[in-house]
There are 4 protein chains.
Amino acid sequence: MRTRRHPQRGTVAGALPDAGSLAERFVAVRARTEALAKPLSPEDCALQSMPDASPVKWHLAHTTWFFETFVLERHQARFRPFDPAFRVLFNSYYHAVGDRHPRPERGLVSRPDLANVLAYRAHVDHAMHSLLDGLDPASPAAALVELGVHHEQQHQELVLTDLKHLFSRNPQRPAYRPSWPLASVRPARAKWLTHAGGVVEIGHAGGTFAFDNESPRHEVLVAPFEIATHPVTHGDFLAFIEDGGYRRPELWLSAGWDTVCAEGWEAPLYWERRDGEWRTFTLHGMAPVDPGTPACHVSFYEAEAFARWAGARLPTEAEWEVAAAGGKIEGNFLESGAFHPLPPRGEPDPGRPAQLFGDVWEWTRSDYSPYPGFRVAEGAVGEYNGKFMCGQYVLRGGSCATPASHIRPTYRNFFPPQARWQFSGLRLARDA
Amino acid sequence: MRTRRHPQRGTVAGALPDAGSLAERFVAVRARTEALAKPLSPEDCALQSMPDASPVKWHLAHTTWFFETFVLERHQARFRPFDPAFRVLFNSYYHAVGDRHPRPERGLVSRPDLANVLAYRAHVDHAMHSLLDGLDPASPAAALVELGVHHEQQHQELVLTDLKHLFSRNPQRPAYRPSWPLASVRPARAKWLTHAGGVVEIGHAGGTFAFDNESPRHEVLVAPFEIATHPVTHGDFLAFIEDGGYRRPELWLSAGWDTVCAEGWEAPLYWERRDGEWRTFTLHGMAPVDPGTPACHVSFYEAEAFARWAGARLPTEAEWEVAAAGGKIEGNFLESGAFHPLPPRGEPDPGRPAQLFGDVWEWTRSDYSPYPGFRVAEGAVGEYNGKFMCGQYVLRGGSCATPASHIRPTYRNFFPPQARWQFSGLRLARDA
Amino acid sequence: MRTRRHPQRGTVAGALPDAGSLAERFVAVRARTEALAKPLSPEDCALQSMPDASPVKWHLAHTTWFFETFVLERHQARFRPFDPAFRVLFNSYYHAVGDRHPRPERGLVSRPDLANVLAYRAHVDHAMHSLLDGLDPASPAAALVELGVHHEQQHQELVLTDLKHLFSRNPQRPAYRPSWPLASVRPARAKWLTHAGGVVEIGHAGGTFAFDNESPRHEVLVAPFEIATHPVTHGDFLAFIEDGGYRRPELWLSAGWDTVCAEGWEAPLYWERRDGEWRTFTLHGMAPVDPGTPACHVSFYEAEAFARWAGARLPTEAEWEVAAAGGKIEGNFLESGAFHPLPPRGEPDPGRPAQLFGDVWEWTRSDYSPYPGFRVAEGAVGEYNGKFMCGQYVLRGGSCATPASHIRPTYRNFFPPQARWQFSGLRLARDA
Amino acid sequence: MRTRRHPQRGTVAGALPDAGSLAERFVAVRARTEALAKPLSPEDCALQSMPDASPVKWHLAHTTWFFETFVLERHQARFRPFDPAFRVLFNSYYHAVGDRHPRPERGLVSRPDLANVLAYRAHVDHAMHSLLDGLDPASPAAALVELGVHHEQQHQELVLTDLKHLFSRNPQRPAYRPSWPLASVRPARAKWLTHAGGVVEIGHAGGTFAFDNESPRHEVLVAPFEIATHPVTHGDFLAFIEDGGYRRPELWLSAGWDTVCAEGWEAPLYWERRDGEWRTFTLHGMAPVDPGTPACHVSFYEAEAFARWAGARLPTEAEWEVAAAGGKIEGNFLESGAFHPLPPRGEPDPGRPAQLFGDVWEWTRSDYSPYPGFRVAEGAVGEYNGKFMCGQYVLRGGSCATPASHIRPTYRNFFPPQARWQFSGLRLARDA
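The shown structure was predicted, so the numbers you read here are calculated from the model rather than taken from an experiment. (Residues numbered from 1 in each chain as written. Chains lettered and ligands numbered in written order. Predicted model: local features only at pLDDT ≥ 70, side-chain atom pairs only at ≥ 80, totals over all residues. Heavy atoms only, no water.)

(A) View of the overall build of chain A. Of regular secondary structure, chain A possesses ten helices and 14 strands. Expected size for 432 residues packed as a compact globule is a radius of gyration near 22 Å; at 21 Å, chain A falls within 12% of this value. The principal-axis extent of the C-alpha atoms belonging to chain A is close to 65 × 55 × 40 Å. A total of 432 residues make up chain A; the buried ones form 59% of that total. A fraction of 79% describes how many contacts in chain A between residues 6 or more apart in sequence connect residues 24 or more apart. Split by element, the accessible area of chain A, about 16,400 Å² in all, is 52% carbon and sulfur. Chain A carries 45 positive and 50 negative side-chain charges, and their two centres are separated by 3 Å. (Helix = DSSP H or I, 4+ residues; strand = E, 2+ residues; numbered from the N terminus. Rg over C-alpha atoms; globule rule 2.2 N^0.38 Å. Buried < 20%, exposed > 50% of the residue type's maximum accessible area, 1.4 Å probe, protein only. Contact = heavy atoms within 4.5 Å. Areas by Shrake-Rupley, 256 points an atom, 1.4 Å probe, with all protein chains shown as cover. Lys, Arg positive; Asp, Glu negative; His and termini not counted. Charge placed at Lys NZ, Arg CZ, Asp CG, Glu CD.)

(B) Just the domain arrangement of chain A, in detail. Residues and elements named next belong to chain A. According to the domain assignment, chain A consists of domain 1 (19-168) and domain 2 (192-431). Taking only C-alpha atoms, the centre of domain 1 and the centre of domain 2 are 27 Å apart. Domain 1 puts 30 residues into the contact, and the matching count from domain 2 is 29 residues. Here domain 1 meets domain 2 over a buried area of about 2,600 Å², counting both sides, of which 67% is carbon and sulfur. (Domains from an automatic or database assignment. Buried area = accessible area lost by both parts, 1.4 Å probe.)

(C) Here's a closer look at the packing of helix α3 (residues 56-75) of chain A against helix α6 (residues 140-168) of chain A. All names here are of chain A. Across the interface, α3 lies against α6 with an axial gap of 9 Å and an inter-helix angle of 175°. In terms of axis orientation, α3 runs roughly antiparallel to α6. Among the residues making up the contact of α3 with α6, the classes are represented as 14 nonpolar, seven polar and three charged. (Axes fitted to C-alpha atoms, helices over the stretch in contact; angles between N-to-C directions. Parallel < 35°, antiparallel > 145°, perpendicular 65-115°, else oblique. Nonpolar A, V, L, I, M, F, W, Y, C, P; charged D, E, K, R; others polar.)

(D) Geometry of the side chain of D:Arg365. Here D:Arg365 is to be found in strand β10 (residues 361-367). Given the relative accessible area of 11%, D:Arg365 is considered buried. When sequence neighbours within four positions are dropped, the list of residues in contact with D:Arg365 reads C:Ser369, C:Pro370, C:Met389, D:Leu253, D:Phe300, D:Glu304, D:Leu314, D:Pro315, D:Thr316 and D:Tyr393.

(E) View of the environment of B:Leu72. Residues and elements named next belong to chain B. You can see leucine 72 is positioned in helix α3 (residues 56-75). Judged by its relative accessible area of 2%, leucine 72 falls in the buried class. As for leucine 72 and methionine 128, which are separated by 56 residues in sequence, their C-alpha atoms are 7.3 Å apart. Leaving out residues up to four positions away in the same chain, leucine 72 has contacts with Phe67, Phe79, Val124, Ala127, Met128 and Leu131.

(F) Representation of the relation of the copies chain D and chain C within the structure. Overlay of chain D on chain C (RMSD 0.0 Å): rotation 180°, translation along the axis 0.0 Å. Here the transformation between the copies is reduced to the relation of a two-fold axis. (Least-squares fit on C-alpha atoms with pLDDT ≥ 70 in both.)

(G) Representation of unusual backbone geometry within the structure. With an omega of 10°, the peptide bond between B:Arg111 and B:Pro112 qualifies as cis. Position of B:Pro112 relative to the elements: it lies in the loop between α4 (86-89) and α5 (114-132). Omega for the bond connecting B:Ser215 with B:Pro216 falls within 30 degrees of zero, at -10°, which places this linkage in the cis form. Although it is not a glycine, A:Arg173 sits at a positive phi angle of roughly 50°. For A:Arg173, the location among the structural elements is in the loop between α6 and β2 (182-185). Here A:Arg173 falls in the partly exposed class, since its relative accessible area comes to 26%. Even without glycine at this site, A:His297 takes up a positive phi of about 60°.

(H) Spatial organisation of the interface of chain D and chain C. Taken residue by residue, the interface counts 27 residues in chain D and 27 residues in chain C. Of the roughly 2,000 Å² buried at the junction of chain D and chain C (both faces included), carbon and sulfur atoms supply 60%. When the buried surface of chain D facing chain C is broken down by residue, D:Leu221, D:Arg365 and D:Cys390 rank first, second and third, together holding 25% of it. Here D:Asp431 ties to C:Arg375 by a salt bridge, and the two come within 3.4 Å at their closest N and O atoms. Across the contact surface, chain D and chain C share eight residue pairs in polar contact (both at pLDDT 80 or more). Among the secondary structure elements, those contributing two or more residues to the side of chain D that touches chain C are β5 (218-222), α8 (254-263), α9 (300-309) and β10 of chain D. (Salt bridge = Lys/Arg side-chain N within 4 Å of Asp/Glu carboxyl O. Polar contact = N/O pair within 3.5 Å; in protein donor to acceptor, adjacent residues only side chain to side chain.)

(I) A look at the interface of chain C and chain B. Contacts between the two partners involve 33 residues from chain C and, on the opposite side, 33 residues from chain B. Across the chain C to chain B interface the summed buried area is about 2,500 Å²; carbon plus sulfur atoms make up 51%. Contact with chain B buries surface across chain C, with C:Glu43, C:Leu108 and C:Arg111 losing the most and accounting together for 30% of the total. Linking chain C with chain B are four salt bridges. Measuring nitrogen to oxygen at the nearest pair gives 2.7 Å for the salt bridge that ties C:Arg169 to B:Glu105. Applying the counting rule to chain C against chain B returns twelve residue pairs in polar contact (both at pLDDT 80 or more). With four residues, the top contributor of residues to the side of chain C that touches chain B is helix α2 (residues 42-46) of chain C.

(J) Seen up close, the relation of the copies chain C and chain B. Expressed as a screw transformation, the operator carrying chain C onto chain B has a rotation angle of 180° and an axial translation of 0.0 Å, and the superposed copies differ by an RMSD of 0.0 Å. The share of interface residues of chain C whose copies in chain B are also at the interface is 100%, consistent with both copies meeting through the same surface.

(K) Spotlight on the packing of helix α1 (residues 22-37) of chain C against helix α6 (residues 140-168) of chain C. Residue and element names in this part refer to chain C. In the contact formed by α1 and α6, the axes pass within 10 Å of each other and the chain directions differ by 20°. Judged on the interaxial angle alone, α6 and α1 are roughly parallel. As α1 runs across α6, the sense of the crossing is left-handed. Contacts from Leu22, Arg25, Phe26, Val29, Arg30, Arg32, Thr33 and Leu36 in α1 reach Ala142, Val145, Glu146, Val149, His150, Glu152, Gln153, Gln156, Val159 and Leu160 in α6. Its residues assigned to classes, the contact of α1 with α6 shows nine nonpolar, four polar and five charged. (Left-handed = near helix turned anticlockwise from the far one by under 90°.)

(L) Structural detail: the environment of C:Gly206. Residues and elements named next belong to chain C. Here glycine 206 lies in the loop between β4 (198-202) and β5 (218-222). On the accessibility criterion, glycine 206 (42% relative accessible area) is partly exposed. Separated by 59 residues in sequence, glycine 206 and tryptophan 265 place their C-alpha atoms 42 Å apart.

(M) Expanded view of the sheet that holds strand β12 (residues 413-415) of chain D. Residues and elements named next belong to chain D. Within the open sheet, the four strands sit side by side as β12-β11-β10-β13. Their pairing is mixed. The strands lining the two open edges of the sheet, one partner per strand, are β12 and β13 (424-425). The sheet contact formed by β10 and strand β11 (residues 393-396) spans three bridges and is antiparallel. Looking at the pairing, tryptophan 363 lines up with leucine 395 of β11. α9 contacts β10 and β11 of the sheet and is inclined by roughly 85° relative to β10. (Pairing = 2+ DSSP bridges.)

(N) Representation of the side chain of D:Glu146 within the structure. Residues and elements named next belong to chain D. Within the element layout of this structure, glutamate 146 appears in helix α6 (residues 140-168). Accessibility expressed as a relative area gives 17% for glutamate 146, which makes it buried. Apart from the residues within four sequence positions on either side, glutamate 146 is in contact with Leu22, Arg25 and Phe209.

(O) Summary view of helix α7 (residues 234-242) of chain B. Residue and element names in this part refer to chain B. Of all the positions in α7, only His234, Phe237, Leu238, Phe240 and Ile241 are classed as buried. Projected down its long axis, α7 shows its buried positions confined to an angular sector of 155°, all on one face. The secondary structure elements touched by the buried residues of α7 are β7 (271-274), β8 (277-282) and α9 (300-309). (Arc of directions from axis to C-beta.)

(P) Expanded view of the pattern of salt bridges. The full count for this structure, using the stated rule, is 109 salt bridges over all chains. Here A:Glu226 and A:Arg430 are joined by a salt bridge, their closest N and O atoms 2.5 Å apart. Linking A:Glu226 in strand β6 (residues 225-228) with A:Arg430 in strand β14 (residues 429-431), this pair joins segments that are 204 residues apart in sequence. When the shortest N-O distance is used, the salt bridge between B:Arg30 and B:Asp125 registers 2.6 Å. Note that B:Arg30 is positioned in helix α1 (residues 22-37) and B:Asp125 in helix α5, a separation of 95 residues in sequence. For B:Asp125, a relative accessible area of 11% puts it in the buried group. Among the charged side chains, a salt-bridge network with shared partners connects A:Arg30, A:Glu34, A:Arg121, A:Asp125 and A:Glu152.

Quick look at the structure:
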């Protein structure tokens, strides 16, 4: 019997619990971002490897800018900016706030240096602590802090994925965390689960925090379908490659095939073949591709082609959400310190999909579009989600780089169909 | 009272009725394609103005290639190709057929010349006539001929839109049909029609020809909505421009705004401002922008931004289709010879949307994706539609360049969100 | 003994003698341009295969524009333009004349069509005949006509090279002149000729027509050198290729090697290897590479790398000119109708280089820069040459596409170092 | 009387004398490179602002790699590399050494970090000290050390120019050295000096170090000419701008005008107009453009256009060299700490050009090509100069960023005609 390995889990330094009061969660989230950056040199934090990715230093500063601009500037008495130039320098994409430093040039800014950005964080944290002290949890300011906390969790994931991309461009393939002790586990085999379909509800029901793009909760008619118990594994993907998957245009969407040809794709991102064996770059350095782990760093195009090859299809986001409804939010998240998808652990609940949360984001066949009745919020925060609802596809479930408290069954992540640098995989579905 | 004009309709030379037996329709469609090319010089037919567009000569040849490759090669006894090189040269995108001449280089092929391509048409027509004589209408061959007839109608529209783009790049702005007699008509004002929503059926019900992407007919849950009686007009669009529509990022999708900035868009395609007045290029040469006609040559981005500015939204394709269900398919089609959107004629049926068909394709908010249960056909014709279901948006209703017999309420056209060279406009919708 | 072939020479239709009075030469040159276009269809004449090349129709019109704009407009009583739009449309690069239609869009202009451009030629020719009748040969107008005649000869060569490039992009590889009867001749072997160097004079001495870039005649100090009796042959170049010439960076200039890698060069332009044998595209269709003919369609980079590989170097333009001084201007020119470099004919004069003129332009190691004391002429014609004196290299001697009466020992042609679509080859030199 | 300012000169930290034994000069040059980097953070040293520029950290490492690869690897007993990966990572362009990390990706390498690169320097310096101890000054190893010392001086200049470019891309425009105390000086006015021409000698005569591209010394025939006593000043250039210099195509080379239009040039690099006044970015931050200082950061195109506007021309490199022959090598070099061109100091020698050395490199009209009889050295160091002899123009005299001991009258610097980020200016010449 073939065995697989699982990691001996550690904790990420500084990973305080994300639960508790808003003030406690603010402290915990801020601390974890800095803990993620702790092993990094000033150079590691300053570089930008492609326009889609940002330097770690920029993430450290931009998440701070979010609190300074949207909370302190509006709600702090006698507010004075830490540095007026930061208003432009660390504005990501909010036209309503004013000018923005061009995204592709985020890696050209050596000053402020890392120490100065950490001082910026300390300064804003200090002011936030005063403001949070006695803040009415039902106030608009509290809602903005809540948004900022979840915003910063999103950037924690990007710190890891952007750094991974940067390190992958270094010919020495450095490791973010050198050691990665793994133990053997049994493999799982995906089975089909049937869902009867019908008029179902999806979207966020309120009561707790959610992003605006998850609302309003609404009814949708779903035809009967089947969904796999487990994500597609690296072993499955190796079979696709060996069957000529990257050389057969009939398996691909037209735009996908164009991308395969233009980019010379032969395997998922970060894979390298040496002496006939596939290896992949991880945050622990180069490692063999483990067939028992969920397939990762594939684009929507590759996910869609794989599904066609397998005689199946990607689920819609509605299918995914009804399959996920009512389940426990458990899995291999950022807190495990694995920073890589892992094999399933333990026995899944019978009749329920496993590994829905954590490990890898799962591409759906749904383009990222507004739910019926969706309204963009007034003002700058209205730019948070709505304006990106074009040309992107929805991913669900979070990944090994997502904080555990950040994910929900209704959570809608989204990326363009060619994006591969996130921990993105897939789960198969088919008509019942 | 302000008056508008409408054209004195003529007939397009060679516009035989599209109805009748398959053989009759084959003859009529083939004849009309050549009639469309008749006023053109060999040079007019040979040039390619951008990779998205093709030379008229290529359209003449490719539609012929379709019959030769998919019908004659398989079903004609003792088939011999007119020219073996044409199999590659005029293959558009069918990987299963073999190699393809690169699309951006279609304008580098001076030989075969126009006369030779017309001889190719005559040769294939002759063989087709023999084959059609006595063909079982229920045979696979007949189904392929039927597909080829509708395929050629699609290319008739592209002949006009691609030629219009080519002529627009000529500094002399030549006219395809110089004279355009217009008479005055009254303007119409759009009102809202309400639809109660519920579980409705969309998609093609069978019985007559439809493309595979219109199937299967299926149920979908639609929330109550309102839809405008008329398309947005050029007058409406002028108000959008005058209100700074092209200078206000808050109105735009992020990708749309990036395109506005990168391309320097200030108005729909083909518009030119001279001495404070907007003029537009038409197939009859430069003409003033007529406020009473449907807005045209706008991208999905512009349609979406306009709708936001107007406090409304684009309809989904399901909303559009249920609003259109049961209506008469009348309008300003290719046969009118206007080759330009026109003001509404006569009084619309009370309680029904007007100008749904013809004049301008109407952008919907729906990305072009497979209907539940959609299956791609086996073999090369399976490449017809399915592989393009990514990164495009659905348009409905046909345009002034669409043959009347080509359009249906279930018809799904699709283009990328930045495309503007089709006769594309919009109709507003909103939540009820 | 290996034998080579030479063509049975014909005459180019319409190739009247270029000698005689200015009026006679005007007529002859104008007629030959049209004769060159005679075998071509309107489509052949309309297409543009790359920004560096122009459609034949454009050449027909631009050479006419030159006479209309620089001669008739200034010197004809009651001048009226044939079409005012042509002033912009067919202006190549003369800022002083006003706006110019963008060069990369010359292939987007289907109208005026070929017939209209030929009418334009006839119209201007008619006016020119009147003006030439009784024109003072010493007048400024006569000087401009003279310039226009030589200008049109330059474009005759470009008609052939641009058309060749266009046809090469057609997968059917059409032939401009199908038949090319060749006979066997003996091969020649290049030897070294020694020149003692010293202070020599180069540049045009006056008395006959020359372009401004050939002046002033001036002294230059030349070190003793040796120069080859014959150009490098295709056989020589095959040896270079077989010795890994295109795979050895140490043979190349840095910019040349970058180009080899970026463009994937493995052989001169138009070469194709099939079944182990090299073939090349000619104006007579595909043909085997003939080892006995001068190497052709190589860039400056390839010429320079070949010379290094051969233990030699390119001559400077001064060396070339002193080697050529006093020789007869004979060779394989446009008039031969071969339109391809040929093996040497007959025995060369002892002690003199052979094939200096015709067959292939010969790259020199000299950048194209102003001679000491060079002055740009006043007005628009001052833009003829001077403003291009940067980033280009000098070629000497004319080619098989150059009219015989067009070339001189002092003639300076120039192209960027990566250009390959001219009939460009090389002759070796070395320090004595 | 208008007054100008000059700086109170300081010394650059670590600027030991460059004179002395080879070992002493090695120590001095190595120390100065590190002194130049001393005020910089690890982030400052890691970033790359464009493919033409390199990170400071890369310069620190590559100059070390030069000694390790060309000296230690060949001449040290029991040589072991500091890190085998550095052989590829810090190879600039030597194909003969093996693979090279791609130049545009030098800014994607966060590891080795700055501390590690400084350790690399210390390690190699230690080994070099042992090797230099008792090294025969006439040995091949000593010649390579000498080359390495001059090589490192070249990179000292690039440290400053590349850093300046990087800082200019930071919206906060940081200063490398904040304070720049300036005092008033009198302006100078350029006059013409006449040279009789004739057969002169240029090139390096031997006896001291020179790069291979300065050899062999050879005769050249120079026509009588005049050359200006001083470089063109910023005041002169302001007059050119105010006279529409950047808007008049007739002043420009064709390739220059294309660049002006494509890049939107309106002034030299680093200039910004605010409230009608021109300011420029310097290594001391933003500063007003000082009319009395030599014009700087202009391309060959701008230099050439300015000269045409001024009714003059650029000198050839031979003219420049004979004008410079026999003069003292004095000027505003790197050691002054000004890092910016300055007004002339004191009275120039009558009849001799002033400010030939230091302040700004002076563009000549000469393309960078091999001197007659030039031979590329065997092996990897042969790639030092020869392979770049194409498409570049020669600059002479050194700049305010050049070490004083690095420059010679025969020194040939070279850059492409569009390059502007060096301290490049011009001096006028004209025919006598």
